[in-house]
Amino acid sequence: MTKGTKAFRIIICILLVLTMLCGAFFAASFVLHIDKDVMGAEYGIWVAGVNVTRDNRKDILGDGTVSYDPDYNLLTLENAKIDTLAVEHRVKTEASLLGKLERKSDKYRFLEDLTDVLGIRVICFFGDDVDRAGKQIEELFSVDWENSVDKRALIKANSFGYLSLHYICSLPEGRDYPPELCGRKFEIQVRTTLQHTWACIEHDMGYKGEFGIPRVAVRQFARIAGLLELADDEFVRVRDTVHAYTRDIKQKIADDDADDVLIDSVSLREYVLHNRKMRGLLDEMAAICGAEIREISPENYLEQLRWLGKRNLGDLEQLLEKNHDLALALAKKALENTDLDILSSSV
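Computed from a predicted structure; not experimentally measured.

1. A word on the pattern of salt bridges
Okay, step 1: Enumeration according to the criterion identifies 12 salt bridges in this entry.
Okay, step 2: The salt bridge involving Asp128 is made with Arg239; its shortest N-O contact spans 2.6 Å. Taken as a pair, Asp128 in helix H3 (residues 127-140) and Arg239 in helix H6 (residues 215-254) lie far apart in primary sequence, 111 residues in all.
Okay, step 3: A relative accessible area of 15% means that Arg239 is categorised as buried.
Okay, step 4: Across the pair Asp144 and Lys185 runs a salt bridge whose closest N-O atoms are separated by 2.8 Å. With Asp144 in the loop between strand S8 (142-143) and strand S9 (149-150) and Lys185 in the loop between strand S10 (165-170) and strand S11 (186-192), the pair connects residues that are 41 residues apart, well separated along the chain.
Okay, step 5: By sharing partners, the salt bridges in this structure join Asp128, Arg239 and Asp240 into a single network.

2. Observations regarding the packing of aromatic side chains
Okay, step 1: All told, the structure shown has two aromatic pairs when counted by the stated rule.
Okay, step 2: A centroid spacing of 5.5 Å and a plane angle of 90 degrees characterise the contact between Phe141 and Phe186, whose relative ring orientation is edge-to-face. One end of the pair, Phe141, is in the loop between H3 and S8; the other, Phe186, is in strand S11, with 45 residues separating them in the sequence. Judged on exposure class, the residue Phe141 and its partner Phe186 are both buried.
Okay, step 3: Geometrically, the ring pair formed by Trp145 and Tyr167 is edge-to-face, given 6.0 Å between the ring centres and 70 degrees between the ring planes. Within this pair, whereas Trp145 is found in the loop between S8 and S9, its partner Tyr167 is found in strand S10, the two being separated by 22 residues in sequence.
Okay, step 4: Look at Trp145 and you get exposed, because its relative accessible area is 54%.
Okay, step 5: Directly above the ring of Phe126 sits Arg239, whose terminal nitrogen or CZ lies 4.7 Å from the centroid.

3. Quick notes on the packing of helix H7 (residues 265-274) against helix H10 (residues 313-335)
Okay, step 1: Following both chains from N to C, one finds H7 and H10 inclined at 40 degrees, their axes separated by 11 Å at the closest point. On the basis of their axis angle, the class for H7 and H10 is oblique. Here the hand of the crossing between H7 and H10 comes out right-handed. Contacts from Ser267, Leu268 and Tyr271 of H7 reach H10 at Leu313, Leu316, Glu317 and Leu320.

4. Structural notes on helix H8 (residues 276-289)
Residues spaced three or four apart along an α-helix point in a common direction, a consequence of the helix completing one turn every 3.6 residues.
Okay, step 1: The first and last C-alpha atoms of H8 sit 21 Å apart over 14 residues, in line with the 20 Å expected at 1.5 Å per residue.
Okay, step 2: For H8, every residue scored as buried is listed here: Met278, Arg279, Leu281, Leu282, Met285, Ala286 and Cys289. End-on view of H8: buried residues confined to an arc of 160 degrees, all on one side of the axis. Looking at H8, the residues exposed on the side facing more than 90 degrees away from the buried face are Arg276 and Ala287.
Okay, step 3: Elements in contact with the buried residues of H8: H7, strand S12 (292-294), H10 and strand S13 (342-344).
Okay, step 4: For H8, the side-chain oxygen to backbone nitrogen distance between the N-cap and Lys277 is 3.0 Å, and the N-cap itself is Asn275.
Okay, step 5: At the C-terminal side of H8, Gly290 shows a positive phi close to 70 degrees.

5. So, unusual backbone geometry
Okay, step 1: Despite not being glycine, Asp256 shows a phi value in the positive range, around 55 degrees.
Okay, step 2: Looking at the element boundaries, Asp256 is found in the loop between H6 and H7.

Rules used in this analysis
- Residues numbered from 1 in each chain as written.
- Predicted model: local features only at pLDDT ≥ 70, side-chain atom pairs only at ≥ 80, totals over all residues.
- Heavy atoms only, no water.
- Salt bridge = Lys/Arg side-chain N within 4 Å of Asp/Glu carboxyl O.
- Helix = DSSP H or I, 4+ residues; strand = E, 2+ residues; numbered from the N terminus.
- Buried < 20%, exposed > 50% of the residue type's maximum accessible area, 1.4 Å probe, protein only.
- Phe/Tyr/Trp six-rings, centres within 6.5 Å; stacked < 30°, edge-to-face > 60°.
- Lys NZ or Arg CZ within 6 Å of the ring centre and 35° of its normal.
- Axes fitted to C-alpha atoms, helices over the stretch in contact; angles between N-to-C directions.
- Parallel < 35°, antiparallel > 145°, perpendicular 65-115°, else oblique.
- Left-handed = near helix turned anticlockwise from the far one by under 90°.
- Contact = heavy atoms within 4.5 Å.
- Expected span 1.5 Å × (residues − 1).
- Arc of directions from axis to C-beta.
- Polar contact = N/O pair within 3.5 Å; in protein donor to acceptor, adjacent residues only side chain to side chain.

Shown next as structure tokens:
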């Protein structure tokens, strides 16, 4: 095996490990398609340096935050608040590596000197999630601060342009990672969806950095960058407004003071989750066959409720009271002689 081939095998191994790690820590829950023989482990997954096994899969870190279901290849991080559009990765091609070594021969002499042979890009929906994702990266990996950069801090206060977090990282030693992978540097970029849009279009047009943009287009690029930055801020405000609205609806339902609340996707979901009469009916239905309730979004019923003329939660409450016995009788007829273990909350 040549030295170059061995190096690329190591790079590919890093790619496998990091793809799984990044996915685990930047999504509340997502499906992993995993080769059970990867790197000789039972499941081929490491979380914060801990090898996932049959014995620890239900509580991987011992603090109730991370679990793994091998039947569905599902890794779940409890209480995660960072949702991502994508976690992308790439390994530089041989031609790209040679080109970089030639262009920057004063800085890079050997393949091992390069810090971005492997690249990971985390694309977040919201601007404040970029910082939170960055903190996760700082906790998970060893960060080379000398070569890492926050592009947002470098741009002038009166300018607009490329914004992104760039980390140069390596797997830390002493956390049960394969020793041959520790110390190998890789790059992680974190940006919002709109920042990613800007970067992709700029790259597609062949411009790299502010000095590559023709003078006639500089002002147009700056205006677009400003609009995208403003949109990023507004999306955060919209999200926070919806969260505040959700908390308000939840409290009104708990206080039995939600009759005048208009039915929408948020109020209907909170009603199904927290209204005592609705939960009581669901529990009665589940008891018929000894099943447990699995929460499913009731959003599909919005059009039917609108067609029935139900406009607010008070209308829905009256509908529930009027048809409680009928609904329970129908459920008994359908479920009494079944062995269902799971019953959808949208039943």
